[in-house]
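Geometric and topological summary
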Amino acid sequence: MAASATTLMKLFFFAIILISCAVSPAMSTAPEECEAESTNPCVNKTKALPLKIISIVAILVTSMIGVSAPLFSRYVPFLHPDGNIFTIVKAFASGIILGTSFMHVLPDSFEMLSSECLEDDPWHKFPFTGFVAMLSALITLAIDSLATSFYSSKNANPMITHGHSHGHGVTLTNKDDGSSQLLRYRVVAMVLELGIIVHSVVIGLSLGATNDTCTIKGLIAALCFHQMFEGMGLGGCILQAEYTNVKKFVMAFFFAVTTPFGIVLGISLSSVYRDNSPTALITVGLLNACSAGLLIYMALVDLLAAEFMGPKLQGSIKLQIKCFFAALLGCGGMSILAKWA
């Protein structure tokens, strides 16, 4: 069922791509200045290529470190998954994901879909970014809920046990509580990875397609920091899902290579790709809106709320406060990075 949930999300994103590619030629006629080459002195294709290659290596390494760190935390005593420090680190990483959604992905979508390079009607007369993000969050909620309830209805059979005090009473216990919770973790991990991967490919494509050396230099450090801590959040979810070692490696690998893949794709398309063309603006803008809605829901509901309302934090006000400030620090870090990224 977790796999079915992920398939539905993939179909949703694929539908957005098809719709955006279909409507962009019909609804958008770019002004001449939008199709013209940039006169920015920082634009230098020869100098930009080595920087892009450096970014591929740097982002690949930091992404792998970030997503792998939680997976090896069992072997580090002070970072054990059941410890308070790991809980605080997870709250920080969840704050990173929430900050990424609100401070990077959503504003980028607003900027793209309100560009002057798109026709006034309908792009400037309807808030497509908010609408698509809202729809994405609701679809994520539906998939999250249905995947769990379908599993529970099929597999949560009550188990009869006999009591031994004051006679032979009969008690009903649900032996699948643990399995149901494990499924929740797996749905969260898969859907979260899908949202992050879509966003990662988009930002990689943008970096690979641009020849603005000034922009690339600022993005390298910002994206390394961003990918490392976003990977930590995803790695924590993968760890809780208790996948096999092979599946853990595959999920970590796909997260680590998506942004470098996007950069390579951007480099290969840089001669024909224009980030201010109507097709690019609409496609990337709608994908960013989808990712934003999904990541906002996952960060608030399945990561932060689930952790803060869980028995561990509810049993310790002191730990709650520490986790709150950790999440706030994660959001604040991504807010600061928004200036450069």
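Residues numbered from 1 in each chain as written. Predicted model: local features only at pLDDT ≥ 70, side-chain atom pairs only at ≥ 80, totals over all residues. Heavy atoms only, no water.

**Topic: the overall build of the protein**
Filter applied, for reference: In DSSP terms, a helix is any run of H or I states spanning at least four residues, a strand is any run of E spanning at least two, and both are numbered starting from the N terminus. Between buried and exposed lies partly exposed: a residue is buried under 20% and exposed over 50% of the maximum accessible area for its type, with that area taken using a 1.4 Å probe on protein chains only. In this analysis, two residues are considered to be in contact whenever any of their non-hydrogen atoms come within 4.5 Å of each other. All accessible areas in this document rest on Shrake-Rupley with a 1.4 Å probe, and a residue is counted as covered only by the protein chains that are shown.
When helices and strands are counted, the protein shows 12 helices and two strands. Taken from N to C terminus, the helices and strands of the protein fall in the order α-α-α-α-α-α-β-β-α-α-α-α-α-α. Split into buried and exposed, the 341 residues of the protein put 47% on the buried side. Looking at the protein alone, contacts between residues at least 24 apart form 83% of all its contacts between residues at least 6 apart. Roughly 16,800 Å² of accessible area belongs to the protein as shown, and the carbon and sulfur atoms make up 69% of that amount.

**Looking at the nonpolar core**
Our working rule: Buried residues of nine kinds, namely Ala, Val, Leu, Ile, Met, Phe, Trp, Tyr and Cys, make up a nonpolar core once their side-chain atoms join them within 4.5 Å.
Of all hydrophobic cores here, the largest spans 46 residues; its most connected members are Ile97, Leu192, Ile196, Leu234, Ile238, Tyr243 and Met298. Formed by 20 residues, the second largest nonpolar core is a distinct cluster that contains Trp123, Val132, Val202 and Leu205.

**Section: the packing of aromatic side chains**
The following threshold applies: Two aromatic rings, drawn from Phe, Tyr or Trp (for Trp, its six-membered ring), form a pair once their centres lie within 6.5 Å of each other, and the interplanar angle then sorts them: stacked below 30 degrees, edge-to-face above 60, tilted otherwise.
Following the criterion strictly, the structure yields eight aromatic pairs and no others. Consider the rings of tryptophan 123 and phenylalanine 128, whose centres lie 4.6 Å apart with planes at 45°: the pair is tilted. When its relative accessible area of 5% is taken as the criterion, tryptophan 123 is described as buried. Between phenylalanine 253 and phenylalanine 254, the aromatic rings sit 6.0 Å apart at their centres with planes inclined by 75°, giving edge-to-face as the arrangement. An aromatic cluster is built from Trp123, Phe126, Phe128 and Phe131, whose rings are joined through pairwise contacts.

**Remarks on the environment of isoleucine 216**
Locating isoleucine 216 in the fold gives a position in helix H8 (residues 213-240). By relative accessible area, isoleucine 216 is classed as buried at 0%. When the C-alpha atoms of isoleucine 216 and cysteine 42 are compared, they prove to be 10.0 Å apart, with 174 residues separating the residues in sequence.

**Focus on the pattern of salt bridges**
Rules: Whenever Lys or Arg places a side-chain nitrogen within 4 Å of a carboxyl oxygen from Asp or Glu, that contact is recorded as a salt bridge.
Under the defined criterion, the tally for this structure stands at two salt bridges. With a closest N to O distance of 3.1 Å, glutamate 307 and lysine 90 form a salt bridge. Here lysine 90 lies in helix H4 (residues 84-113) and glutamate 307 lies in helix H10 (residues 278-308), a separation of 217 residues in the sequence. Judged by relative accessible area, lysine 90 falls into the buried class, the value being 14%.

**A short note on the side chain of threonine 259**
Looking at the secondary structure, you find threonine 259 in helix H9 (residues 245-269). Not counting residues within four places of it along the chain, the set of residues in contact with threonine 259 comprises Ile59, Ser200, Ile203, Gly204 and Gln227.

**Side note on helix H12 (residues 317-337)**
How we decide: Take the number of residues in a helix, subtract one, and multiply by 1.5 Å to get its expected span. Here the arc refers to the directions that run from the helix axis out to each C-beta atom.
Compared with an ideal rise of 1.5 Å per residue, which puts 21 residues at 30 Å, H12 spans 30 Å between its outermost C-alpha atoms and is within 8% of the ideal. For H12, the complete set of buried residues consists of Leu319, Gln320, Cys323, Ala326, Ala327, Gly330, Cys331, Gly333, Met334 and Leu337. Seen end-on, H12 carries its buried residues on one side only, within an arc spanning 155°. Residues of H12 that are exposed and point over 90 degrees away from its buried face: Ile317, Lys318, Phe325, Leu329 and Ile336.

**Some details on H10**
We apply this condition: At every residue, the bend is computed as the angle between two fitted axes, covering the seven residues ending there and the seven beginning there respectively.
The terminal C-alpha atoms of H10 lie 43 Å apart, and with 31 residues this matches the ideal 45 Å at 1.5 Å per residue to within 8%. The largest bend in H10 is about 30°, located at methionine 298. In terms of burial, H10 is largely enclosed, as 25 of its 31 residues are buried.

**Some words on the environment of glutamate 116**
One can find glutamate 116 in the loop between H4 and helix H5 (120-123). For the pair glutamate 116 and asparagine 276, spaced 160 residues apart in sequence, the C-alpha to C-alpha distance is 9.4 Å.

**Points about the side chain of serine 55**
One can find serine 55 in helix H3 (residues 45-68). You can call serine 55 buried: its relative accessible area is 0%. Aside from chain neighbours lying at most four places away, what touches serine 55 is Leu207, Ile220 and Ile263.

**A short note on unusual backbone geometry**
Residue aspartate 121 is joined to proline 122 through a cis peptide bond whose omega torsion reads 15°. With respect to the secondary-structure elements, proline 122 resides in helix H5.

**Thoughts on the UniProt feature "transmembrane region" (unreviewed entry) in the protein**
The following threshold applies: UniProt positions are given in the numbering used here, feature names are shortened, and annotations may be inferred rather than shown by experiment.
The UniProt feature table records "transmembrane region" (unreviewed entry) at residues 52-73, 85-106, 126-151, 187-207, 251-273, 279-300 and 321-340. Secondary structure across residues 52-73 divides into 77% helix and 0% strand, with the first and last C-alpha atoms of the span separated by 32 Å. Along residues 85-106 the backbone is 100% helical and 0% strand, and the end-to-end C-alpha distance reaches 31 Å.

**Structural notes on the environment of phenylalanine 126**
Among the secondary structure elements, phenylalanine 126 is positioned in the loop between H5 and helix H6 (128-155). Look at phenylalanine 126 and you get partly exposed, because its relative accessible area is 39%. Placed 13 residues apart in sequence, phenylalanine 126 and leucine 113 show a C-alpha to C-alpha distance of 9.8 Å.

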